[in-house]
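# Structural description and commentary
Read off the chains here:
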Protein chains: 8
Amino acid sequence: DVATLDHHRALRQGVPEVVYGAGKSPAQAVAIVGRLAVRGEGFLVTRADDGMRAALLAAYPAAVENVLGRTVRLAPDEPVRSHCGRVCIVTAGTADLPVAEECAETLRSAGVVADRVTDVGVAGVHRLLARASQLAMADVVIVIAGMDGALPSAVGGIVRGAVIAVPTSVGYGASFAGLAPLLTMLNSCAAGITVVNIDNGFGAAMAALRILGS
Amino acid sequence: DVATLDHHRALRQGVPEVVYGAGKSPAQAVAIVGRLAVRGEGFLVTRADDGMRAALLAAYPAAVENVLGRTVRLAPDEPVRSHCGRVCIVTAGTADLPVAEECAETLRSAGVVADRVTDVGVAGVHRLLARASQLAMADVVIVIAGMDGALPSAVGGIVRGAVIAVPTSVGYGASFAGLAPLLTMLNSCAAGITVVNIDNGFGAAMAALRILGS
Amino acid sequence: DVATLDHHRALRQGVPEVVYGAGKSPAQAVAIVGRLAVRGEGFLVTRADDGMRAALLAAYPAAVENVLGRTVRLAPDEPVRSHCGRVCIVTAGTADLPVAEECAETLRSAGVVADRVTDVGVAGVHRLLARASQLAMADVVIVIAGMDGALPSAVGGIVRGAVIAVPTSVGYGASFAGLAPLLTMLNSCAAGITVVNIDNGFGAAMAALRILGS
Amino acid sequence: DVATLDHHRALRQGVPEVVYGAGKSPAQAVAIVGRLAVRGEGFLVTRADDGMRAALLAAYPAAVENVLGRTVRLAPDEPVRSHCGRVCIVTAGTADLPVAEECAETLRSAGVVADRVTDVGVAGVHRLLARASQLAMADVVIVIAGMDGALPSAVGGIVRGAVIAVPTSVGYGASFAGLAPLLTMLNSCAAGITVVNIDNGFGAAMAALRILGS
Amino acid sequence: DVATLDHHRALRQGVPEVVYGAGKSPAQAVAIVGRLAVRGEGFLVTRADDGMRAALLAAYPAAVENVLGRTVRLAPDEPVRSHCGRVCIVTAGTADLPVAEECAETLRSAGVVADRVTDVGVAGVHRLLARASQLAMADVVIVIAGMDGALPSAVGGIVRGAVIAVPTSVGYGASFAGLAPLLTMLNSCAAGITVVNIDNGFGAAMAALRILGS
Amino acid sequence: DVATLDHHRALRQGVPEVVYGAGKSPAQAVAIVGRLAVRGEGFLVTRADDGMRAALLAAYPAAVENVLGRTVRLAPDEPVRSHCGRVCIVTAGTADLPVAEECAETLRSAGVVADRVTDVGVAGVHRLLARASQLAMADVVIVIAGMDGALPSAVGGIVRGAVIAVPTSVGYGASFAGLAPLLTMLNSCAAGITVVNIDNGFGAAMAALRILGS
Amino acid sequence: DVATLDHHRALRQGVPEVVYGAGKSPAQAVAIVGRLAVRGEGFLVTRADDGMRAALLAAYPAAVENVLGRTVRLAPDEPVRSHCGRVCIVTAGTADLPVAEECAETLRSAGVVADRVTDVGVAGVHRLLARASQLAMADVVIVIAGMDGALPSAVGGIVRGAVIAVPTSVGYGASFAGLAPLLTMLNSCAAGITVVNIDNGFGAAMAALRILGS
Amino acid sequence: DVATLDHHRALRQGVPEVVYGAGKSPAQAVAIVGRLAVRGEGFLVTRADDGMRAALLAAYPAAVENVLGRTVRLAPDEPVRSHCGRVCIVTAGTADLPVAEECAETLRSAGVVADRVTDVGVAGVHRLLARASQLAMADVVIVIAGMDGALPSAVGGIVRGAVIAVPTSVGYGASFAGLAPLLTMLNSCAAGITVVNIDNGFGAAMAALRILGS
Ligand SMILES: Nc1ncnc2c1ncn2[C@@H]1O[C@H](COP(=O)(O)O)[C@@H](O)[C@H]1O
Ligand SMILES: Nc1ncnc2c1ncn2[C@@H]1O[C@H](COP(=O)(O)O)[C@@H](O)[C@H]1O
Ligand SMILES: Nc1ncnc2c1ncn2[C@@H]1O[C@H](COP(=O)(O)O)[C@@H](O)[C@H]1O
Ligand SMILES: Nc1ncnc2c1ncn2[C@@H]1O[C@H](COP(=O)(O)O)[C@@H](O)[C@H]1O
Ligand SMILES: [Mg+2]
Ligand SMILES: [Mg+2]
Ligand SMILES: [Mg+2]
Ligand SMILES: [Mg+2]
Ligand SMILES: [Mg+2]
Ligand SMILES: [Mg+2]
Ligand SMILES: [Mg+2]
Ligand SMILES: [Mg+2]
């Protein structure tokens, strides 16, 4: 028996159990979510490649696939308790969208539909300023950027709410697979920015849920 | 004129201007806070060495020094608008206390008095579990740890609220001045932990204020 | 002749010669183990991919394959001298199991059957505490974890026996292929933890055998 | 004789010989600049600590000291050939000023007086936008920033001219002595930004002179 | 709609919009360039693999493919405004040519035909010196080198004009995928050399266009 | 109250509480050990500089100072329970002796007197082989080396017992403050070597005590 | 024309031109060596994959393939001038043989037949000592090792002649693709060891030829 | 007794025992060299700070101090056996001279007087070419450079003899204390260059002596 699901944690923390698909076979993923589905809890599988997504959809036709985000999600039988508060997901460039989709799906699995602002990198800062009032309405802003990772600093200077920065592995050469934007974000000159792991759209969503729940 | 104070930001973001003392002379620090004090806003200076703290206290006898945290703080004339919510600062070991004090002073400058849990490193996990109910009452838990940086993972599994992890440069050898706990925290197996820069007690406090304000 | 087997070492050290399969062809592996098998010493091949395992099983139908651990093992004609003492292998998550299996097979090749504790990561520390008495019975505890690598610190605080920590390459982004848990373990706040190379289940087993032999 | 001055290069490249003071004694510095001064070429010494600057001023009362920039400069007997074009030096924060001063002094030694824009970090992007027309008038914009190093990306999106980015060692923890802003700048999402070494105000000025000379 | 093209930037900066092909599907690339082509602006796609290049050529038979540089370029209806000044691209070895071709195509898309000097690595410095007068005629010299990355230092000592250094990922072992030449170039002993990201032929060209435009 | 001593752990693990002196004032150290001394448990303080050692000796004239190892140790009132088994500490060079002394003092505080082999670096391997029989008698061999860190590989090939490798920060340049020997030891070609943090003589001793206790 | 062969260098340095096959197509390799072969100089191609080796052998049936070393070599029409002196190539393990073969082929292309010592890693140091007199006869000893890279230190303590150390990328985890043995060798406690790039059998051979020629 | 001098090695290898002063007290240094001096072997102490040099000169008035190289050397009673062959030490800049002096003193202690070429960095390559015939006369050329470390590549293309490259910690920022020139030299495009540790003038001299002795 390869996995001990921590149902307890879901109760303790009010967020769903999410299955991390990387390094599992499609059959293993189907087996694991079965234990969740049978209890009517629904499920979310992240980092699911094409084969795993196909196997999950075959077993659960009611599930929803997100190709870009590489997730499969099944709604629980009962709607989840609602979190109050608004989340906005901001991305710097097109290539950051898969991370944004993983993030959005994780929020959806907890009943939160995020607002979205796309393609507003710092190299054209007027694009960001044009969205300032939209950003101001969010309790939590999740900012996703690769390459220079400069966007969270600009966002942090505009909004009062919580800002969670997600570096991505988008880039090449001296981006060192996301190290460059990670360091940028940790050193942000905008005070009070927090950071999660490279490409960790899931983690940013979970952090937002912790805040909304508070 | 060496510094353009961003009063505008204080209004925009509801948090005080904080002066970063490192690399400034005592005279410069006194001059800069003068512009804040004269408006009745009070001030907070962080990373203030012995000489800078003495100069500030001489100029502002009503100010409060925190020796361990290396800060000097003057209360504003009017009490700051109150943030609602509770913050708890948790430290792994004795050597992490200076970072915790910088954090606590920053919170105080915004009118927030943090709860404290001290010396509960993972190597004696019963110490942490004994404080579980205290931790559960916080909206935001700030966890400060050096060396292995394992404490936020354990805290994150216990509490439902927001968790902000602060790696410290406490340690030697393969801690590489805080790199080891930084990486630990970014890879935390507890979902939804966010991270700030090494030794950045100030930043963790500002992130907590962003959350409480939301 | 590509390899000089060190039979001498086996005698000197009382542990079997183990063949490292990576970078060898199936034919080479079969040839090398032939020299061991013909002496009735049995063999263990680690890091054997699908093709190598098939070739070894075809040549030695009595050998035992471990698919997850990627090993093939043939028992020696005479049972190995028994080591006295108990070994427990603890894993943080499902994805760490291949390293645990390589470790368990290496111990088996020396006649030691390890106890197992699975899926007890620090994010749900109650799972670990529930197994405390089982852990206490071991002379050597081998703790295998990727991502934050925090588990050995928690285990080290609970048990009195020897603790060998194995970082794994499980994770992504700022885990830097196992660097993050490696640094965590080297900086463990639990005193007296020792560490082996990333993913080195074999090495941890050999270290345990050195201890049991003592 | 410890140094072979490359007068030839000055001719070849139309820029003055600059003496790098670090690691030299005051006496050595005085001796070296003597060979330049005697030819009426004037001199510039960078990275000159307090003692070296005092020695140079004692020997050359007509020389000009820059305390913040740690330089001493003596004008040549004949005014240098004038470069045509305008240079603007932009800094993110107060702590970046020493690098800006080294840069400005190097430009002055070649007869170029740079325009200046100070304290316009990305965390308050309105400060930068308010200076857009001033920036647009420059042929070369030198952008100096530490911590997150995000400023050149924002500047690069506003101006059409050449942009030279200078990372500084301002910051702590995960800035790794300037590595963080260096990587940020190399990965800038604004196209056509070029980068020089950490704290290298001298090099940025020399690059600007190469461009103006063209 | 995955991408917001920044036509505004093209106007602001006088350089064409360039599409970065990496991580896009052939269909996405065709769709994006369609929006540029329909306005008669022409297009340039970089980092386009075999499939993407085929799809673009099928859709735009008038476009020009550069196999080595992995680009597809369509000329605009109206010739672009001419930049005045000369650019020379210098490469150290055969393996650096793909980066040089990406660079040359980007320049061509702005109407600039670069001069070329090939295979003049520092290990045979007479090859470089033989081309000194050719190099001297350039306003901007772009120097592309992997392995030791020493070539820009030698070029910088010979020419008066602007020097932009491009490190490449050519090499193995301790080149660490271009880190070695990147560091070499940032530490160049020739004053006034600037540097762009590893393998960033596009960025070097854009920097040159910024200079020529000035 | 700055420190919560974990007396519980001493009971749980059979090893003494050891106070880490770095970053504490002499007065703090005296206060902390007072709580141990008053219970008759004795104490050991590591990383104690000159001032701290003087203060401890003044307060506890019966305590023993180790200048090279920078420790102060007071024996407990009752002799500690004896560990059975032999420990040998091997050092590569003179400069590794401080780490060896910290290790030996920690062992002494638990009643174990280690055997010693000094100055047997791999560059003169006959020196090591001449001590082979002495090494063979140890249950645990602690091998301490800086620079290339090659000694544990040679020792591991000679002895059957447990081998704990301690990299030291002895060296310069590409030793990167102990990173070089750390990596050497983690990659040892002798199977079953385990490793502790750079300069961690204390940790190696604690690991040995865990083994002896088993 | 993609490559300018440096025939001049061959004359200047007395060693043959060697073609680096990586990143070239089989057709390119055949074309380049044609220019050497037509002059009767013979050729050596390194880093030639299966397809390139097949193409070269088809074009030059008299050429000799080295499958393990991934080289193809054609003898020159006239025997090369003989170097006087003996070279010995020592390898630590089986997996280092490809690098040793590249090295041996490069030496052969200059008329030098190297002596060989195989599989003498430091973990069984008696294997090395048994070959001491053979090693002593060499003017240059090339020592090739991955993993801990400890072998050159042991060899350097035994022989008086020149020692060239070659780290290999053999290993996993904390070997970081050869960084571990590279650092070990640069920090060797045996004085006067020199080092070349990771896996650079070619470079070690060329260094030996420089020494023999002297 | 803190050090076991390896007189045996001196015999085995024909080079003198050299004492590494770093981390030793003046008194220790005097004691250690006493054991050498009493046998008439003379001595060389490297990395000796002001105090250690003064103590050695007081004890041995016939010894010779090298202030720049931080060494003290006493000639042996009998002149050392002469090595045949010429060594040339080449330095890139003034700041590299201390490493060159350490190197020259080590050679002198073995009876070899090195030729010198100073201040010939690659940024003015004509300076190097002007010395080509002088370089060509050396059997071994030791090339010492910091910053970009490009000089050995240029030298290696000019001379046929052995080339030993010594990176220095001269530089700042992205030189990372010598890492930049170290990587440059390991990746040299001139074939057959070998490398020693950062600032290791001693090691380069010992390597040259190994070659001359051959
Ligand atoms: N998985 C493993 N990881 C590290 N070392 C191993 C592993 N399996 C076997 N070895 C070691 O590799 C040696 C054999 O290497 P080889 O001669 O290349 O087959 C054995 O003696 C073991 O010490
Ligand atoms: N602050 C600086 N940073 C980097 N290089 C410098 C600096 N100041 C002067 N230089 C360079 O250092 C060279 C002089 O070095 P030196 O011969 O050691 O005085 C000059 O020709 C400049 O190219
Ligand atoms: N030299 C040392 N290196 C690492 N850890 C140590 C050292 N000395 C003592 N310790 C550990 O540090 C803990 C005490 O830390 P503290 O509470 O800060 O005094 C002890 O329980 C030991 O486990
Ligand atoms: N295996 C190798 N590793 C490093 N450099 C090599 C290797 N083989 C050949 N070379 C060098 O690469 C040069 C040829 O490079 P290229 O012009 O790209 O073929 C030769 O002159 C050699 O100096
Ligand atoms: Mg875009
Ligand atoms: Mg404590
Ligand atoms: Mg699990
Ligand atoms: Mg400011
Ligand atoms: Mg070539
Ligand atoms: Mg010694
Ligand atoms: Mg072997
Ligand atoms: Mg100079």
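A brief look at the structure comes next.

The rules we used
- Residues numbered from 1 in each chain as written.
- Chains lettered and ligands numbered in written order.
- Predicted model: local features only at pLDDT ≥ 70, side-chain atom pairs only at ≥ 80, totals over all residues.
- Heavy atoms only, no water.
- Helix = DSSP H or I, 4+ residues; strand = E, 2+ residues; numbered from the N terminus.
- Rg over C-alpha atoms; globule rule 2.2 N^0.38 Å.
- Buried < 20%, exposed > 50% of the residue type's maximum accessible area, 1.4 Å probe, protein only.
- Areas by Shrake-Rupley, 256 points an atom, 1.4 Å probe, with all protein chains shown as cover.
- Phe/Tyr/Trp six-rings, centres within 6.5 Å; stacked < 30°, edge-to-face > 60°.
- Pairing = 2+ DSSP bridges.
- Contact = heavy atoms within 4.5 Å.
- Salt bridge = Lys/Arg side-chain N within 4 Å of Asp/Glu carboxyl O.
- Right-handed = clockwise from strand over helix to strand, strands pointing away.
- Expected span 1.5 Å × (residues − 1).
- Axes fitted to C-alpha atoms, helices over the stretch in contact; angles between N-to-C directions.
- Parallel < 35°, antiparallel > 145°, perpendicular 65-115°, else oblique.
- Left-handed = near helix turned anticlockwise from the far one by under 90°.
- Nonpolar A, V, L, I, M, F, W, Y, C, P; charged D, E, K, R; others polar.
- Polar contact = N/O pair within 3.5 Å; in protein donor to acceptor, adjacent residues only side chain to side chain.
- Disulfide = S-S within 2.5 Å.

### Brief notes about the overall build of chain A
Of regular secondary structure, chain A possesses nine helices and nine strands. Here chain A has a C-alpha radius of gyration of 17 Å; the compact-globule value for 214 residues is 17 Å, and the two agree. Summarising its shape, the C-alpha atoms of chain A cover approximately 50 × 40 × 25 Å along the three principal directions. Counting the 214 residues in chain A, one finds 63% classified as buried. Accessible surface for chain A amounts to roughly 7,000 Å². Of this, 57% is attributable to carbon and sulfur atoms.

### What about the packing of aromatic side chains?
Here the structure, examined in full by the defined rule, presents 16 aromatic pairs over all chains. Between Tyr172 of chain F and Tyr20 of chain H, the ring centres sit 6.1 Å apart and the planes meet at 25°, which makes this aromatic pair stacked. Of this pair, Tyr172 of chain F sits in the loop between strand 8 (162–167) and helix 8 (179–186) while Tyr20 of chain H sits in strand 1 (residues 18–20), which puts the two residues in different chains. Judged by relative accessible area, Tyr172 of chain F falls into the partly exposed class, the value being 22%. In this structure Tyr20 of chain H comes out as partly exposed when scored by relative accessible area, which is 31%.

### Examining the pairing of strand 4 (residues 71–74) of chain E
Residue and element names in this part refer to chain E. Burial along strand 4 is two-sided: the face carrying Thr71 and Arg73 and the face carrying Val72 and Leu74 are both buried. As judged from the three bridges shared by strand 2 (residues 43–46) and strand 4, these two strands associate in the antiparallel manner. Counted as the bridge partner of Phe43 is Leu74 from strand 4. Here three bridges tie strand 3 (residues 64–66) to strand 4, and the two strands are oriented antiparallel to one another. The residue bridging Val64 from the neighbouring strand is Arg73, located in strand 4. Counted between consecutive antiparallel strands, the loop separating strand 3 from strand 4 contains four residues, among which Arg70 sits at a positive phi close to 55°.

### What to know about the arrangement of the chains
The two units chain A and chain F never meet; even their closest C-alpha atoms stay 20 Å apart. Across all C-alpha pairs, the smallest distance from chain E to chain F is 13 Å, and the two are not in contact.

### Concerning the pattern of salt bridges
Inspection of every chain in the model, using the stated rule, returns 56 salt bridges over all chains. Salt-bridge contacts for Arg53 of chain B lead to Asp50 of chain B; the nearest nitrogen and oxygen are separated by 2.9 Å. Of this pair, Arg53 of chain B and Asp50 of chain B are both found in helix 3 (residues 50–59), three residues apart, which corresponds to roughly one turn of the helix. Between Arg73 of chain C and Glu105 of chain C there is a salt bridge, with the nearest N and O atoms lying 2.6 Å from each other. With a gap of 32 residues between them, Arg73 of chain C in strand 4 (residues 71–74) and Glu105 of chain C in helix 4 (residues 97–109) connect regions that are remote in the sequence. Residue Glu105 of chain C is classed as buried on the basis of its relative accessible area, which comes to 4%. Linked by salt bridges that have partners in common, Asp50, Arg53 and Glu65 of chain A make up one network.

### Some details on the pairing of strand 2 (residues 43–46) of chain G
In regular strands, side chains alternate between the two faces of the sheet. All names here are of chain G. Covered by surrounding structure in strand 2 are Phe43 and Val45 together with Leu44 and Thr46, the residues of both alternating faces. With three bridges joining them, strand 1 (residues 18–20) and strand 2 adopt parallel strand pairing. Considered in strand 2, the bridge of Val18 is made with Leu44. The handedness of the strand 1 to strand 2 crossover, carried by helix 2 (residues 26–37), is right-handed.

### Some remarks on the environment of Val99 of chain F
Residue and element names in this part refer to chain F. Among the secondary structure elements, Val99 is positioned in helix 4 (residues 97–109). For Val99, a relative accessible area of 9% gives the class buried. A sequence separation of 79 residues divides Val99 from Tyr20, and the C-alpha atoms of the two residues are 14 Å apart.

### Side note on helix 8 of chain F
Within helix 8 of chain F, seven of the eight residues are buried, leaving the element largely enclosed by the surrounding structure. For helix 8 of chain F, the complete set of buried residues consists of Ala180, Pro181, Leu182, Leu183, Thr184, Met185 and Leu186 of chain F.

### Description of helix 2 (residues 26–37) of chain H
For helix 2 of chain H, spanning twelve residues, the distance from its first C-alpha to its last is 16 Å, which sits close to the expected 16 Å at 1.5 Å a residue. Listed in full, the buried residues belonging to helix 2 of chain H are Ala29, Ile32, Val33, Gly34, Leu36 and Ala37 of chain H.

### What to know about the sheet that holds strand 1 (residues 18–20) of chain D
All names here are of chain D. Sheet architecture is open: four strands sit in the order 1-2-4-3, paired in mixed fashion. Two strands bound the open sheet, and with one partner strand each, they are strand 1 and strand 3 (64–66). Pairs of neighbouring strands in the sheet enclose a mean axial angle of 15°, with direction left out of account. On the sheet, helix 4 (residues 97–109) packs against strand 2 (43–46), strand 3 and strand 4 (71–74) and is oriented at approximately 10° with respect to strand 4.

### Description of the sheet that holds strand 4 (residues 71–74) of chain F
Residue and element names in this part refer to chain F. Pairing within the open sheet is mixed, and its four strands lie in the order 1-2-4-3. Pairing within the sheet leaves two strands with one partner each, and these edge strands are strand 1 (18–20) and strand 3 (64–66). Ignoring which end each strand starts from, the neighbouring axes of this sheet average 15° apart. Most of the contacts of helix 4 go to strand 4, to which it runs at about 10°, and overall it touches strand 2 (43–46), strand 3 and strand 4.

### What about the packing of helix 2 (residues 26–37) of chain A against helix 3 (residues 50–59) of chain A?
Residue and element names in this part refer to chain A. Where helix 2 meets helix 3, the closest approach of the two axes is 9 Å, and the angle between their N-to-C directions is 40°. Taken together, the axes of helix 2 and helix 3 are oblique relative to one another. Pair helix 2 / helix 3 crosses with right-handed handedness. Where helix 2 approaches helix 3, its residues Pro26, Ala29, Val30 and Val33 are matched on the opposing element by Gly51, Met52, Ala55, Leu56 and Ala59. Its residues assigned to classes, the contact of helix 2 with helix 3 comprises eight nonpolar, one polar and no charged.

### Let's talk about the side chain of Asn200 of chain F
With respect to the element layout, Asn200 of chain F can be found in the loop between strand 9 (193–195) and helix 9 (201–213). A polar contact of 3.0 Å, which involves the side chain of Asn200 of chain F, links it to the side chain of Tyr172 of chain B. Ignoring any residue separated from it by four or fewer positions in sequence, one finds Asn200 of chain F in contact with Tyr172 of chain B together with Arg47, Glu102 and Val166 of chain F.

### Points about unusual backbone geometry
Backbone geometry at Asp119 of chain B places phi at a positive 65°, although glycine is not the residue there. Within the fold, Asp119 of chain B resides in the loop between strand 6 (115–117) and helix 5 (125–129). Located in the positive-phi region is Arg70 of chain H, a residue other than glycine, with phi close to 55°. Of note, Arg70 of chain H is situated in the loop between strand 3 (64–66) and strand 4 (71–74).

### Comments concerning the state of the cysteines
Taken as a whole and judged by the stated rule, the model has zero disulfides over all chains. As a non-bridged cysteine, Cys84 of chain C has Cys84 of chain F as the owner of its nearest cysteine sulfur, 12 Å distant. Free cysteine Cys88 of chain D: the closest other cysteine sulfur is in Cys103 of chain D, separated by 11 Å. Accessibility expressed as a relative area gives 1% for Cys88 of chain D, which makes it buried.

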